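Residue-level listing of the chains:
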Amino acid sequence: MKKVVVVGSINMDLVTMCQRVPEAGETIFGDKFFQVPGGKGANQGVAIGKLGTEVTMLGKVGNDSFGNDLINSMKNSGVNTEYIERSESSTGIAKIIVEGNGQNRILVVSGANMDVDKDYIDRHIDVIKEADIVVTQLELPLSTVEYALEKAKDFGKITILNPAPAAPLSEKMIKSSDIIIPNETELSMITKMATDTEDEIKAACKKLLDMGVKELIVTLGSKGSLHVNKEKSEFHSAYIVKAVDTTAAGDSFIGGFVKALNGDNIDEAIEFGTKVSAIAVTRLGAQSSIPTLEEVNEFQGVKR
């Protein structure tokens, strides 16, 4: 069985449900409040673990109850948490407001995630050496993300970067990533190009391919995704579902993609990831919305 390492953020999501967000200076009443384990890194790790693939999480939490709950949640989902360290900083949190139409707004306080530095990566470098695939995102210090990708690339690992939340990428980071999985906004930020139309998205993808990226998968929300490399550009449509909460849609897609990835079967992996994310958006929360392998295999959806 392949081994996956996720180097990434670990947050507690504090979720408020409401019909609409308040305007500036306005106070309104929400419908529900709950806390759910989250963080892009942990979400992706949990998705991979729930889907039955061996996965280890690298990251930090604080010495607080949120940290305890997050580690337990990952363990219960099949994630190896042995190398997660405790920080003097508080555990990262994300304040999420979900509107009645399923759209969300997220405010992150990074906390312990910002303490994941190069020294931490070096302390656990053997975990990366033993992996087949290394996955990371941008909710850690960018210098750490770059370093982890470079090390993984040096060891000949498959490297996957989800450049979220949107931020400029260094040339080293781009060249060290075999597969980059952004959405349209993130693609625009990385390339400094417009991504409002399909032609603009393809032009932005070409810029990244020219910089050394082997494979690009641009997630397009309810429309699906676009897979682009030097040889082809292929669109994958999404499934028709009623979205309740899109919080972990991208993370679920990546978890499913990594689960199914086996060599060069990228299009097959995209299709599997599309199923995982279709199920996830029909449920509330981040990690709580991610399906099991059995649920994905039983899913009978209709494509757009």
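Below is a summary of the structure that appears in this document.

Sheet architecture is open: four strands sit in the order β3-β2-β8-β9, paired in mixed fashion. The sheet terminates laterally at β3 (32-38) and β9 (104-109), the two strands that pair on one side only. Sheet twist, expressed as the mean angle between neighbouring strand axes with direction ignored, is 20°. Looking at chain direction, strand β2 (residues 11-17) and β3 are connected through seven bridges and run antiparallel. Following the sheet pairing, Leu14 is matched in β3 by Gln35.

Considering the arrangement of structural elements, one finds Leu140 in the loop between β10 (133-136) and α5 (142-154). Classification of Leu140 by relative accessible area gives buried; the value is 3%. Once the C-alpha coordinates of Leu140 and Asp117 are considered, the two residues, 23 residues apart in sequence, prove to be 8.5 Å apart. The residues contacting Leu140, other than those within four sequence positions of it, are Val7, Gly8, Ser9, Asn113, Met114, Val116 and Val145.

Here we take up the environment of Val6. With respect to the element layout, Val6 can be found in strand β1 (residues 3-7). Given the relative accessible area of 0%, Val6 is considered buried. Linking Val6 and Ser233, residues 227 residues apart in sequence, is a C-alpha distance of 28 Å.

Another aspect to go through is the pairing of β1. Counted residue by residue, β1 has four buried out of five residues, so it is predominantly covered. Here β1 pairs with strand β4 (residues 54-58) via five bridges, running parallel. Paired with Val6 across the bridge in β4 is Met57. Inspection of the sheet shows β1 paired to β10 by four bridges, in the parallel sense. Among the inter-strand pairings, Val6 is bridged to a residue of β10, identified as Val135.

Here helix α2 (residues 65-76) contains twelve residues, and its C-alpha end-to-end distance of 17 Å stays within 8% of the 16 Å for a straight helix at 1.5 Å per residue. A positive phi of about 90° marks Gly78, the residue just after α2.

Moving on: α5. If you check α5, its first and last C-alpha atoms are 18 Å apart, about what 13 residues at 1.5 Å a residue would give, namely 18 Å. If you check which residues of α5 are buried, you get Thr144, Val145, Glu146, Tyr147, Ala148, Leu149 and Ala152. Looking at the buried side of α5, the elements it contacts are β1, α3 (118-123), α4 (125-129), β10, β11 (158-161) and α6 (171-175). Directly after α5, the chain includes Gly156, whose backbone phi takes a positive value near 80°.

What counts and how
- Residues numbered from 1 in each chain as written.
- Predicted model: local features only at pLDDT ≥ 70, side-chain atom pairs only at ≥ 80, totals over all residues.
- Heavy atoms only, no water.
- Pairing = 2+ DSSP bridges.
- Helix = DSSP H or I, 4+ residues; strand = E, 2+ residues; numbered from the N terminus.
- Axes fitted to C-alpha atoms, helices over the stretch in contact; angles between N-to-C directions.
- Buried < 20%, exposed > 50% of the residue type's maximum accessible area, 1.4 Å probe, protein only.
- Contact = heavy atoms within 4.5 Å.
- Expected span 1.5 Å × (residues − 1).

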